[in-house]
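Structural overview
The residues making up each chain are set out below.
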Amino acid sequence: MNKPMRRVAVFCGLLILALLLRVNYVQFIQAGELQNDEHNRRVAIERYAHPRGDIIVDGEPITGSIETDGTDYRWKRTYSDGEMWAPVTGYASQAFGSNQLESIYDGILTGDDDRLFFSRTIDMLTGKERKGGSVVTTLNADAQRAAFEGLGDRRGSVAAIDPRTGAILALASTPSYDPSDFAGMGNSDAEAWASLQAEADPEEPMKNGALRETYPPGSTFKLVTAAAALEHGLLDDVDQDTDYEVPFELPETAGTTVPNQIQNVGCEEGSITVGLQWSCNNVFLGISADLGNEKMIETAESFGFNEYHDTPVRSATSSYPEDNAPQNAQAGIGQASNRATPLQVAMVAAAIANDGKLMEPYMVEQLRAPNLNVVEQHQPTELSRPLSPENAQALQEAMEYTVEEGTAEPAKISGVRVGGKTGTAQHGVDNQESPYAWFVSYAMTDDGSPVAVAVVVEDPSGSREDISGGRLAAPIAKSVMEAVLGS
Amino acid sequence: MSSTANTTVASVGTPSRRNTELVMLGFAVLVTVLAYANTGLALDGTLPAGMVAYGLGLAGIAGAAHLVVRRWAPYADPLMLPLCTLLNGLGLVLIWRLDHEPRLQPANAAPSQLMWSALGVALFLGVLIFLRDHRVLQRYTYISMVVAFVLLLLPLFFGADTNGARIWVRIPGVGTLQPGEFAKIVIAVFFAGYLMVKRDALALASRRFLGMYLPRGRDLGPILVVWAVSLMILVLETDLGMSLLFFGMFVVMLYVATERTSWIVFGLLLSVGGAVFVASFNYHVGQRVHNWLNPLELGSNGGVTETAQAMYAFGSGGLLGSGLGEGYSRLIGGIATKSDYILATVGEELGLVGLMAVLLVYALLIQRGLRTALAARDPFGKLLAVGLSGVFALQVFVVAGGVTGLIPLTGMTMPFMAQGGSSVIANWALIAILLRISDTARRPAPVPASSTDAEQTQVVRA
């Protein structure tokens, strides 16, 4: 009987060996994957086991953490002025995960990042409670408040950047949401979350329009078209007259014409300066048609179109697509298939205001360890040079003239050079929905331009007049610029 | 090679090894008490209040067991008792640690588990004291068969459906009992007695077919009955594990008794056929197989399944584990965290290293059992020992393999570690029988009158 018994012993040995191999596979090879699986609750438990680090604006935290009596998640995120800052912070919810800065810098905020290994180890050895690092943003609290309060109850978005560095100063979007409402995991959190979803609220308050939504840019796109005319040598300077008729007949069509909004102000065969001053469609339709699709795309892309920008929150991609001649002509006045985020429109003004140099937009200045050591510092980076300095300064003059003597007058600030451009973009099937009123502007001081801002507001009055951009959006842009100039 | 020569050598050379056992027992108690202290420090920040009493209690139980072994089974294997003490002690610590999680059921399981363990050790001592020779069990071969059938069928009539399996019997006032745990010992006794008598008929009277020796129809009868009963358990009680254990043990013992490989082939065919048949027709078993193939898939209610939670526990433990008391195996939830899934807590809190150590302790225990079977001198003892060790090995494999996702999960408990009275009592009895066989095997025969032949034989050997 001993021979089969030895075989049974070998068999039992094989069973144990199989078990050992299996546990090695699960706990060693597969371990990393299992540890970080989205359904493994330990990930969230660890995330909320310690007070989370803060997101900082102007030296003050705009976030916080409170201790709860939950079984799994000890600390809960809080936000001050949550609705105002939501487009910047995103949310960090025990039940619903996190997004935007809260998600991108989760490692820094929880203290789990590899770069915080040293400080984490010190804390562990000295028995201190673990703390997260902080994320210092470039935002300007006054500008943000001016933007958010300026938008008020209307639907709209504001993006403001510092043209000299690309630092984002304001990023507001309405309607907004307060991420505190669903930071926990109770029933009220679940209800608040559900009520914010697109199915429950068609206005999509969590959309973050300033960064993540593209709109038809309307007449604000005429700045890009003007830059294209100068850069490609179609026109020698901004005051050179053109030969474009009113109404303008689209190329390659059987006499389809596009009218102007404002009549009898000299748009007929007008220059870029006049075209911007009175937002003459014929001038920019003509430029775009004469330059052609390829050159228009080239200039648009040099301003940042057709790619996303990681600020580090990734922006939606503003687009200037390949198209046929009539469509391309209309894209020159921002009324075809080209689309832009408010951030992109602000970048156009910023490039002009910064003498043709476009800086990469960013909103995180530095990452700090819990002991305030700087872990990462942003260095302003040049993205591209869409304009020569001479052409940029010529366009500045034209934009400032538009504020002094044209449609952009509501943005005038006494004692400061301000350049601006209005816009109205129709949208919806057959333009049935409320049009968007646009305004884009910059302010100029002796140290260069400290702010460029783009505002888009949905105009419930349904006015198709280009002037509505000046009426609705310009005051918001003005107060944002004043806030930046005052601080 | 005369048997006299062997006994002569043995009578001079076999040490009792009781002191080894005592040292190893001390080690097992020490490890357990340190684990207890470690858990208390992690959970409450202080040494557990009952630590001294618990340590003394465990040492007392182990000491009593050791003294009884020293007196009534002096030549028994020296490692089995310490290994079982270590596993049982660690199990108690883990259950006590999981008692700290308020939502886990049953609440406050450690004290009752301690009581069951004490009862188990008492039964262990009772077996050693009153069962002076394991061959006595041979007389009860057919009674064992009847008892085994009754035990196996009991849950069908008085059963409580728990977690989809019908393996529990509710005794009013006492609690629930898992008759299957006891049945496996009784069945081993029956198989050993039956096969010892029939082995020659089964082994020799067979026909060759396709190069294999096939048994005669009349010899095949009992095997088919066993197969049918195990399938019946599977279908009616949906107890995949017990059915596998039952049939696996039978095949192993049959193979050892007859030395015919054809039996294994035959047995495997029957069990695979049965398993496939049941898996495709029984929803519960099919569900288990589905969970096994898709361990991380969300449950039908959109929640994370217990299978997935156990996998997360293992994965999160990683190489070194979170430390006792610092894991989150409570997330497994349900009613089985302290019993069927106890290994997940081991894996998470003690890590791969700790889990491998625990598995090796089981491996060592199985190896001692199989060694006892090899050393036993009588065929009944050999068969019984190999059956008990084999069923123990299969159970360890089926439970650990199921929890770690190697094979589909079956509702069974890890011997000695898992919470559950029936299991711990039955396994202590199982070990007692193995110790009794090993004592008989290693016990020196009465010293024969010294003969010059024997001495010469020794000289030649040397």
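What comes next is a walk through the structure.

The rules behind the values
- Residues numbered from 1 in each chain as written.
- Chains lettered and ligands numbered in written order.
- Predicted model: local features only at pLDDT ≥ 70, side-chain atom pairs only at ≥ 80, totals over all residues.
- Heavy atoms only, no water.
- Helix = DSSP H or I, 4+ residues; strand = E, 2+ residues; numbered from the N terminus.
- Buried < 20%, exposed > 50% of the residue type's maximum accessible area, 1.4 Å probe, protein only.
- Contact = heavy atoms within 4.5 Å.
- Buried area = accessible area lost by both parts, 1.4 Å probe.
- Salt bridge = Lys/Arg side-chain N within 4 Å of Asp/Glu carboxyl O.
- Polar contact = N/O pair within 3.5 Å; in protein donor to acceptor, adjacent residues only side chain to side chain.
- Disulfide = S-S within 2.5 Å.
- Expected span 1.5 Å × (residues − 1).
- Pairing = 2+ DSSP bridges.
- Axes fitted to C-alpha atoms, helices over the stretch in contact; angles between N-to-C directions.
- Patch = residues over 30% accessible without salt bridge, like charges linked within 9 Å, V, L, I, M, F, W, Y side chains within 5 Å.
- Areas by Shrake-Rupley, 256 points an atom, 1.4 Å probe, with all protein chains shown as cover.
- Phe/Tyr/Trp six-rings, centres within 6.5 Å; stacked < 30°, edge-to-face > 60°.
- Lys NZ or Arg CZ within 6 Å of the ring centre and 35° of its normal.

**With respect to the overall build of chain B**
Secondary structure summary: chain B contains 16 helices and five strands in total. Counting across all 462 residues of chain B, residues that qualify as buried make up 55%. Of the contacts made within chain B by residues no fewer than 6 positions apart, 74% connect residues no fewer than 24 positions apart.

**Some thoughts on the interface of chain A and chain B**
Interfaces are often sized by the amount of accessible area the parts lose when they come together. Contacts between the two partners involve 32 residues from chain A and, on the opposite side, 49 residues from chain B. Buried surface at the junction of chain A and chain B, both sides included, amounts to about 3,700 Å², of which 73% is carbon and sulfur. The largest per-residue losses of area from chain A upon contact with chain B belong to Met1(A), Gln27(A) and Arg42(A), which jointly make up 22% of the total buried on that side. A salt bridge links Glu348(B) to Arg42(A); its shortest N-O distance comes to 2.8 Å. Remark: the boundary between chain A and chain B carries 12 residue pairs in polar contact (both at pLDDT 80 or more). Of all the secondary-structure elements, those providing two or more residues to the side of chain A that touches chain B are helix H1 (2-29), helix H2 (31-35) and helix H3 (41-47) of chain A. Of all the elements, H1(A) adds the most residues to the side of chain A that touches chain B, at 19 residues.

**Things to note about the state of the cysteines**
Applying the stated criterion across every chain, the model contains one disulfide over all chains. A sulfur-sulfur distance of 2.0 Å marks the disulfide that ties Cys267(A) to Cys280(A). Its S-S torsion of approximately -70° makes the covalent link between Cys267(A) and Cys280(A) left-handed. Of this pair, Cys267(A) sits in the loop between strand S11 (257-258) and helix H12 (272-277) while Cys280(A) sits in the loop between H12 and helix H13 (281-302), and the two are 13 residues apart along the sequence. For Cys267(A), a relative accessible area of 4% gives the class buried. Cysteine Cys12(A) is unpaired, with the sulfur of Cys84(B) as its nearest cysteine sulfur at 16 Å. Here Cys84(B) falls in the buried class, since its relative accessible area comes to 0%.

**Thoughts on H1(A)**
With 28 residues, H1(A) should reach 40 Å at 1.5 Å per residue; the first-to-last C-alpha distance of 39 Å fits that figure. Listed in full, the buried residues belonging to H1(A) are Pro4(A), Met5(A), Val8(A), Cys12(A), Leu15(A), Ile16(A), Leu19(A), Leu20(A), Arg22(A), Val23(A), Val26(A) and Gln27(A). Along its buried surface, H1(A) packs onto H2 of chain A together with helix H9 (240-258), helix H12 (306-317), helix H13 (342-375) and helix H14 (379-403) of chain B.

**Details of the side chain of Thr341(A)**
Residue and element names in this part refer to chain A. Relative to the assigned elements, Thr-341 resides in the loop between helix H14 (325-331) and helix H15 (342-353). Residue classification places Thr-341 among the buried residues on the basis of a relative accessible area of 1%. If we skip the residues at most four places from it in the chain, Thr-341 touches Ala-210, Leu-211, Glu-213, Thr-214, Ala-316, Ser-318 and Trp-438.

**Thoughts on the pattern of salt bridges**
Residues and elements named next belong to chain A. Tallying each qualifying case throughout the model produces 27 salt bridges over all chains. A salt bridge links Arg-77 to Glu-102; the shortest N-O distance between them is 2.8 Å. Of this pair, Arg-77 sits in strand S4 (residues 75-79) while Glu-102 is found in helix H5 (residues 100-104), placing the two residues 25 residues apart along the sequence. For the pair Arg-77 and Glu-102, a shared accessibility class is recorded, and that class is buried. Two residues, Lys-412 and Glu-409, come together in a salt bridge whose shortest N-O distance is 3.7 Å. Classification of Lys-412 by relative accessible area gives partly exposed; the value is 32%. For Glu-409, a relative accessible area of 41% corresponds to the partly exposed category. Among the charged side chains, a network of salt bridges with common partners joins Arg-47, Arg-52, Asp-54, Arg-77, Glu-102 and Asp-106.

**Looking at the pairing of strand S17 (residues 436-445) of chain A**
All names here are of chain A. With nine of 10 residues buried, S17 is to be regarded as a mostly interior element. As paired elements, S17 and strand S18 (residues 448-458) share nine bridges and run antiparallel to each other. Directly across from Tyr-436, in S18, lies its bridge partner Glu-458. Taken together, S17 and the strand that follows it, S18, pair antiparallel across an intervening segment of two residues.

**Details of the sheet that holds strand S9 (residues 168-174) of chain A**
All names here are of chain A. Pairing within the open sheet is antiparallel, and its five strands lie in the order S9-S8-S18-S17-S16. Every interior strand has two partners, whereas the edge strands, S9 and strand S16 (417-425), have only one. Adjacent strand axes in the sheet meet at a mean angle of 10° when their direction is disregarded. Sitting on the sheet, helix H8 (residues 141-151) is in contact with strand S8 (156-161), S9 and S18, with an inclination near 20° to S9.

**Thoughts on a nonpolar patch on the surface**
Taken together, the side chains of Tyr25(A), Phe28(A), Ile29(A), Leu319(B), Leu320(B) and Val353(B) make up a nonpolar region of the molecular surface, amounting to roughly 630 Å² of accessible area. At three residues, the largest contribution of residues to the nonpolar patch is made by H1(A). Its place among the elements puts Tyr25(A) in helix H1. Given the relative accessible area of 38%, Tyr25(A) is considered partly exposed.

**Concerning the packing of aromatic side chains**
All told, the structure shown has 23 aromatic pairs over all chains when counted by the stated rule. Both rings, one in Phe416(B) and one in Trp428(B), keep their centres 5.2 Å apart while their planes meet at 80°; by these two values the pair is edge-to-face. Taken as a pair, Phe416(B) in the loop between H14 and helix H15 (421-442) and Trp428(B) in helix H15 lie far apart in primary sequence, 12 residues in all. Note on accessibility: Phe416(B) and Trp428(B) belong to one class, buried. Its end group placed over the ring of Tyr308(A), Arg314(A) keeps NZ or CZ at 3.7 Å from the ring centre.

**Looking at the sheet that holds strand S1 (residues 55-57) of chain A**
Residues and elements named next belong to chain A. In space, the five strands of this open sheet follow the order S2-S1-S7-S13-S14, with mixed pairing throughout. Looking along the sheet, the strands with just one partner apiece sit at the ends: strand S2 (60-61) and strand S14 (374-377). Where S1 and strand S7 (residues 134-137) come together, two bridges link them in parallel fashion. From the neighbouring strand, Ile-56 faces S7, where its bridge partner is Val-136.

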